[in-house]
Amino acid sequence: MFRVLEDINAKNADAMYSAGSAMTIGMGVVKGANFEADFPSEATATDVFFVTKEIIPTGLDTLKGEISDYELESIKDGEKVVLVKPVIGEIYWTDQIDSGIAVGNYVVVGTDGKFEKAASSAKSNLKVVSTSVQDAGTHAGIAIEVVDWATVSA
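Computed from a prediction, not measured in an experiment: that's the story for all the values here. (Residues numbered from 1 in each chain as written. Predicted model: local features only at pLDDT ≥ 70, side-chain atom pairs only at ≥ 80, totals over all residues. Heavy atoms only, no water.)

What is the right way to look at the pattern of salt bridges in this model?
In a structure, side chains of opposite charge can pair up when their charged atoms sit close to one another. Counted under the stated rule, the structure contains eight salt bridges. Here Asp69 makes a salt bridge to Arg3, at a shortest N to O gap of 3.2 Å. Here Arg3 lies in strand 1 (residues 2-6) and Asp69 lies in the loop between strand 6 (49-52) and strand 7 (74-75), a separation of 66 residues in the sequence. Residue Arg3 is classed as partly exposed on the basis of its relative accessible area of 24%. The residue Glu79 makes a salt bridge to Lys53 at a minimum N-O spacing of 3.1 Å. (Salt bridge = Lys/Arg side-chain N within 4 Å of Asp/Glu carboxyl O. Helix = DSSP H or I, 4+ residues; strand = E, 2+ residues; numbered from the N terminus. Buried < 20%, exposed > 50% of the residue type's maximum accessible area, 1.4 Å probe, protein only.)

Mind showing me how you'd approach the sheet that holds strand 1 here?
Within a sheet, neighbouring strands are paired by backbone hydrogen bonds and run either parallel or antiparallel to one another. If you trace the four strands from one edge of the open sheet to the other, you get 1-9-15-12, paired in antiparallel fashion. For this open sheet the edge positions go to strand 1 and strand 12 (123-130), each flanked by a neighbour on one side alone. Across the sheet, the mean angle from the axis of one strand to that of its neighbour is 35°, orientation sign disregarded. Taken together, the four bridges between strand 9 (residues 91-94) and strand 15 (residues 142-151) define a ladder with antiparallel strand orientation. Considered in strand 15, the bridge of Thr94 is made with Ile142. (Pairing = 2+ DSSP bridges. Axes fitted to C-alpha atoms, helices over the stretch in contact; angles between N-to-C directions.)

Take a look at the structure:
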């Protein structure tokens, strides 16, 4: 899942892309050919976007009344998506993470779309500011602040 904790008002979000493979809201992606968003070929923080979509119940889900966003967070290959570009000063929350991330770590998007701890000497502008924020009080994830670019030291 993906939540915007602090953002810059009136920022455009790119809704012209489709998912290049199956993914989950809150993953990191890069823009590819033919307006497809997909996972990077190597771990990176350069030109990455958070992927999300409009959460609209379909089929039998429309009869349920209230439904959790978590039941609708899957994105199918070819489904239209919205790409949110992280900008300095913004803070985002996602649960699409690898283990071993701590406050103060810089993260990058891995080849599986999940945010992972940046390796030594990698460049990143995505810094973890909290590992204790829980969405809806139960879903664990991390809060990522977009900061100036830095080279990660050991």
